[in-house]
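Structural characterization, general
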Amino acid sequence: MSCSSRKPTAEPMLMRPMHDMLSRAAGRQSGHMPGHKGQSPFGPVDPYALDTTELPVTDDLYAPERGILEAQRLYAQAAGAAETIFLHNGSTSGIHAMAQLYAHEGDTVILPRNAHLSAVNGCVLGGLRPVWIPVTQTADGYCCIAEADALAALDAHPEAKALLLTRPDYFGGCLPLERIIAKAHGMGIRVVVDEAHGAHLPWLGGVPSAGALGADAWVQSTHKTLPGLTGSAVLHLRNAADRSRAMTLLRREQTSSPSFLLMLSIDDAQAWMTSHGPERLMAVRHAADELRTLLPALGYADAHDGWRGTGLTFDPTRLVIAAPQGGYALAKAMQRHGVDAEMADAHRAVLILTAMDDPAGILHIADILRDIPAVPRELPVTNAAWPIPRQVMPLRAAAMGPTEQVSLTKAQGRVAAAVAGLYPPGVPLVCPGEEITEETIHRLQAAGSQQRFGVEGDCLTCVMTSV
């Protein structure tokens, strides 16, 4: 056979499953993070052309002298901080550092029981002793921290080195901080705040950030409510003298090869928000408020209205729709109409709105709700009690020692080695070092696998018993 008669070799099929998956997700109306909502604030960027490393012509996050130093200075100025440090492992790394910033091994720190898992892990890494502020639960299942309980925790633990609070929460709830911070500072206790969901607050107006209220350190996720790329965040410090210890801790928590693209997106987010943020957030807020006024006629309600008695204020850019058919059903119906919610629970759906949202798109949600019948159904009755189990072993010893997987049917009385609970509401039923109770097991068994966290199959991670 001559060469000219050979059949051409077939090109191998190109397989790009990640690209295909993400392309299918793009173009839908986003009610979820990341806050850029699929739009680059300053136009298209080729990530491969700008991705680089530490060079004589770039900079070093851990010893900044040029672009990173100036970008952090500008962000600190915008946020009202003495120092701002860019994070490229998300707010998680910043919360790990904050938990240990003012406390050392063996010290007591006060945490809300519904704190993010990273706060507990920060205590594990630092060998800290957490004590808990109990959760208050409303009749419709909203879990929050009451100001009175935070103040009582300070009275009960004057030995604490730090108090960590979460504000805003996933539902936009903002705990009043003024009296708490004043009392803590009067006792020599530092206050650090997980403000991951509040990166937009410096530009919002009407809802001050934790830093404006006197927090010693606060972490914000630029990818949640600002146009930052996923994984980008910032740690703000009230006192520049705290920077040295913060950097020591962050070198332990973050990779030594930080992403320049993430840091670019943090800087771009600040620059765009400083230029356009207040005006855009005002427009988004007005659209959200108009939508809220339309909800009752459509058979729905603004969940924030039902929570005014908690003493919290609420972020007006967080849209929480109470649904008579249940939040899960509403979120699924909205998904079929091309709108993806951030989360849902038995009673409501939650949408994150940012300065990158189109006000017309927000109002379009009312048109979608008109096509989704708000048919009432019996919703689960919430259990208002979230008892905190007995601590029988130090947190770090339980989490870092030998462990074994134990079936839920045999776990009663064992000591937990990992956090486990239900989401929503995201409140741990048990933390490392705590005794696993019959009630904890019943709640985990009654929940679906998608609602549980810290459960491997039908097993809990427990401290290994001696042979």
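I will try to describe carefully the structure that is included in this document. (Residues numbered from 1 in each chain as written. Predicted model: local features only at pLDDT ≥ 70, side-chain atom pairs only at ≥ 80, totals over all residues. Heavy atoms only, no water.)

1. What to know about the pairing of strand β2 (residues 83-87)
Counted only if it meets this: Residue burial is assigned from relative accessible area. The probe radius is 1.4 Å, only protein chains are included, and a residue is buried under 20% of its type maximum, exposed over 50%, and partly exposed in between. Under the DSSP-based scheme used, a helix requires at least four consecutive residues in state H or I and a strand at least two consecutive residues in state E, with every element numbered from the N terminus. We call two strands paired when DSSP finds no fewer than two bridges between them.
A large share of β2 lies buried, amounting to four of its five residues. In terms of strand pairing, β2 meets strand β11 (residues 233-237) through five bridges, oriented antiparallel. From the neighbouring strand, T84 faces β11, where its bridge partner is H236.

2. Some points on the side chain of H197
The line we're drawing: Nitrogen and oxygen atoms within 3.5 Å of one another constitute a polar contact, given that in protein one can donate a hydrogen and the other can accept it, and given that sequence-neighbouring residues count only through two side-chain atoms. Only heavy atoms matter for contacts: two residues are in contact if any of them lie within 4.5 Å across the pair.
For H197, the location among the structural elements is in the loop between β9 (190-194) and α8 (201-204). Separated by 3.3 Å, the side chains of H197 and R318 make a polar contact. When near neighbours in sequence (up to four residues on either side) are disregarded, H197 contacts M33, P168, D169, Y170, K224, T225 and R318.

3. Quick notes on the pattern of salt bridges
To keep it simple, the criterion reads: Throughout this description, the term salt bridge denotes a Lys or Arg side-chain nitrogen within 4 Å of a carboxyl oxygen of Asp or Glu.
Counted according to the given criterion, the structure contains 23 salt bridges. The closest approach of N and O atoms between D242 and R190, which form a salt bridge, is 3.6 Å. You can see D242 sitting in the loop between β11 and α10 (243-253) and its partner R190 sitting in strand β9, a full 52 residues away along the chain. D302 serves as the salt-bridge partner of R292, at 3.7 Å between the closest nitrogen and oxygen. One end of the pair, R292, is in helix α11 (residues 260-294); the other, D302, is in strand β12 (residues 301-302), with ten residues separating them in the sequence.

4. A closer look at the nonpolar core
Stated formally: Put simply, a nonpolar core is a bunch of buried Ala, Val, Leu, Ile, Met, Phe, Trp, Tyr and Cys residues held in one set by side-chain atoms that sit within 4.5 Å of each other.
Of all hydrophobic cores here, the largest spans 57 residues; its most connected members are Y75, F86, A217 and L235. If one sorts the elements of this core by residue count, α11 sits on top with seven residues. Of all hydrophobic cores here, the second largest spans 44 residues; its members include A76, L154, L175 and L429.

These figures capture arrangement, not role.
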